[in-house]
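Residue-level structural notes
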Amino acid sequence: MEKNQMKESNKKIKFKKILSNTITAILFVLLITISIFVIITRVSGNEPEIFGYQLKVVLSGSMEPTFRTGSVIAVEEYTNNSSIEVDDVITFVDESDQLITHRVVDIQQNGTHTLYQTKGDNNRTPDQALVQDDNVVATYSGMTIPPYLGYIVHYMQSPLGSALLLIIPGLGLLGYGMYNVWSTIIRLERKAKNISE
């Protein structure tokens, strides 16, 4: 009977140890990953990148229902070798130096320049100004991350957001470490009490 209880007790201890080590490893990897992600983003001064794709946050409803407000879209950097066709979604700089992501509805040639007529899927009319080839910065890759995660990514690019994303996982790791130390001390005190009895 006592042997069975000891076996069960040892199994529970082993399970708790494995679980504890797993959670610690996950928190540590999360902290390192977020730290690298935030540092690279802050140093480069650009949008966050994953596997060569830039992540852009959809902040308006002009492309709904294709992209819902708050979604994150992955875009590929546009180069002269890239080809753009009607119905492609492009990110470009408009006359007020804002980044806009709209669909190409027409392509026109003006001498050596290619001009794109663009339109938001949710807009009734095409954009007034044609987009010059030089103003295209990226093309949509086809990957979208669901809404509301975009607000986190957008917030992460602010100084306060970057700091919080580094501090929160660190505090989680510290708190979990303190919990482990506290539970080990309690376990040792119980063992000492059982031995003395």
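Read on for a plain summary of the structure.

Rules used in this analysis
- Residues numbered from 1 in each chain as written.
- Predicted model: local features only at pLDDT ≥ 70, side-chain atom pairs only at ≥ 80, totals over all residues.
- Heavy atoms only, no water.
- Helix = DSSP H or I, 4+ residues; strand = E, 2+ residues; numbered from the N terminus.
- Buried < 20%, exposed > 50% of the residue type's maximum accessible area, 1.4 Å probe, protein only.
- Contact = heavy atoms within 4.5 Å.
- Areas by Shrake-Rupley, 256 points an atom, 1.4 Å probe, with all protein chains shown as cover.
- Patch = residues over 30% accessible without salt bridge, like charges linked within 9 Å, V, L, I, M, F, W, Y side chains within 5 Å.
- Salt bridge = Lys/Arg side-chain N within 4 Å of Asp/Glu carboxyl O.
- Core = buried A, V, L, I, M, F, W, Y, C linked by side-chain atoms within 4.5 Å.
- Phe/Tyr/Trp six-rings, centres within 6.5 Å; stacked < 30°, edge-to-face > 60°.

When helices and strands are tallied, the chain shows three helices and eight strands. For the chain, the N- to C-terminal ordering of α and β elements is α-β-β-β-β-β-β-β-β-α-α. In the chain, buried positions account for 28% of the 197 residues. For the chain, long-range pairs separated by at least 24 residues make up 53% of all intrachain contacts whose partners lie at least 6 apart in sequence. Accessible area of the chain: about 13,700 Å², with a carbon and sulfur share of 59%.

A surface patch of nonpolar side chains, about 420 Å² in accessible area, is lined by I167, L171, L174 and M178. Looking at the secondary structure, you find L171 in helix α3 (residues 159-196).

Here N110 lies in strand β5 (residues 99-110). With 22 residues separating them along the chain, N110 and Q132 place their C-alpha atoms 9.7 Å apart.

The omega torsion across E64 and P65 is 5°, close enough to zero to call that bond cis. Tracing the chain through its elements places P65 in the loop between β2 (53-57) and β3 (72-77). Even without a glycine there, the phi angle at D87 is positive, about 90°. Relative to the assigned elements, D87 resides in the loop between β3 and β4 (89-93). A positive phi angle is found at D97, which is not glycine, with a value near 65°. Looking at where D97 falls in the secondary structure, it is placed in the loop between β4 and β5.

Right, let's talk about the nonpolar core for a bit. Listed in full, the eight residues of the largest apolar core are Y78, I84, I90, F92, V104, Y116, V131 and V136. In this view, Y116 contacts Y78, I84, I90, V104, D106, I107, L130, V131, D133 and V136; residues no more than four positions away in its chain are not counted.

Under the defined criterion, the tally for this structure stands at one aromatic pair. Between the aromatic rings of F67 and Y140, the centroid separation amounts to 4.8 Å while the plane-to-plane angle is 70°, which identifies the pairing as edge-to-face. Placement of F67 in the loop between β2 and β3 and of Y140 in strand β8 (residues 136-145) is noted, with a sequence separation of 73 residues between them. Overall, F67 belongs to the buried group, its relative accessible area being 1%. Among the residues examined, Y140 registers a relative accessible area of 23% and is labelled partly exposed.

Geometry only, nothing functional implied.
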